[in-house]
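# Coordinates in review
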Amino acid sequence: MFKLADLLDQRQMTMYQLSKKTGIRPNTLSQWVNNAKLQEEDKHVKAISVEVLNLMCEALDCTPGDLLEYTPDDDNVKSP
């Protein structure tokens, strides 16, 4: 799960400002912010590069753990 929207709120920063600071396209940032809604349409974020993660962490003065939270997919949950 991406926690970018929460982090942007905490930093009082817009997606546009983050885009200018990092060079990441606004559409890409919007996907991460709206990932939960997009997951229903199977348009969710499927990968994130270490380079992009690094750019976001530098711009937001955070760690990857501040941006990401692991939640298993229903398809990947194994029954005992």
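If you're wondering where the values come from, they're calculated on a predicted model, not measured in any experiment. (Residues numbered from 1 in each chain as written. Predicted model: local features only at pLDDT ≥ 70, side-chain atom pairs only at ≥ 80, totals over all residues. Heavy atoms only, no water.)

A count of helical and extended segments in the protein gives six helices and zero strands. Across the protein, helices and strands are ordered from the amino to the carboxyl terminus as α-α-α-α-α-α. Here the analysis covers contacts within the protein between residues at least 6 apart in sequence; of these, 59% occur between residues at least 24 apart. Approximately 6000 Å² of the protein is accessible, and the part contributed by carbon and sulfur atoms is 49%. (Helix = DSSP H or I, 4+ residues; strand = E, 2+ residues; numbered from the N terminus. Contact = heavy atoms within 4.5 Å. Areas by Shrake-Rupley, 256 points an atom, 1.4 Å probe, with all protein chains shown as cover.)

On to the confidence of the model for the protein. On average, residues of the protein score 82 in pLDDT, and 75% of them are at 70 or above. At the level of individual helices and strands, the protein shows its lowest average pLDDT in helix α4 (residues 35-39), which scores 59, and its highest in helix α2 (residues 15-22), which scores 95. (pLDDT = per-residue confidence, 0-100.)

Counting 17 residues, the largest nonpolar core has L4, L18, L29, W32, M56, L60 and L67 as its most contacted members. No other element matches the six residues that helix α5 (residues 50-60) contributes to this core. Residue contacts for L4: discarding those within four places in its chain leaves L18, L29, W32, V33, M56, L60 and L67. (Core = buried A, V, L, I, M, F, W, Y, C linked by side-chain atoms within 4.5 Å. Buried < 20%, exposed > 50% of the residue type's maximum accessible area, 1.4 Å probe, protein only.)

Note that T22 resides in helix α2. Within the structure, T22 has its side chain in polar contact with the backbone oxygen of L18 (distance 2.8 Å). If near-sequence neighbours (up to four positions away) are discounted, T22 is found in contact with L55, M56 and A59. (Polar contact = N/O pair within 3.5 Å; in protein donor to acceptor, adjacent residues only side chain to side chain.)

Turning our attention to the packing of α2 against helix α3 (residues 26-33). Two numbers describe a pair of packed helices, the interaxial angle and the distance between the axes. One can describe the packing of α2 onto α3 by two numbers: an axis separation of 9 Å at closest approach and a directional angle of 125°. Between α2 and α3, the angle is such that the two are oblique. Of the two possible hands of crossing, α2 and α3 adopt the one that is right-handed. Here M15, L18 and S19 of α2 lie close against α3, whose contacting residues are P26, L29, S30 and V33. (Axes fitted to C-alpha atoms, helices over the stretch in contact; angles between N-to-C directions. Parallel < 35°, antiparallel > 145°, perpendicular 65-115°, else oblique. Left-handed = near helix turned anticlockwise from the far one by under 90°.)

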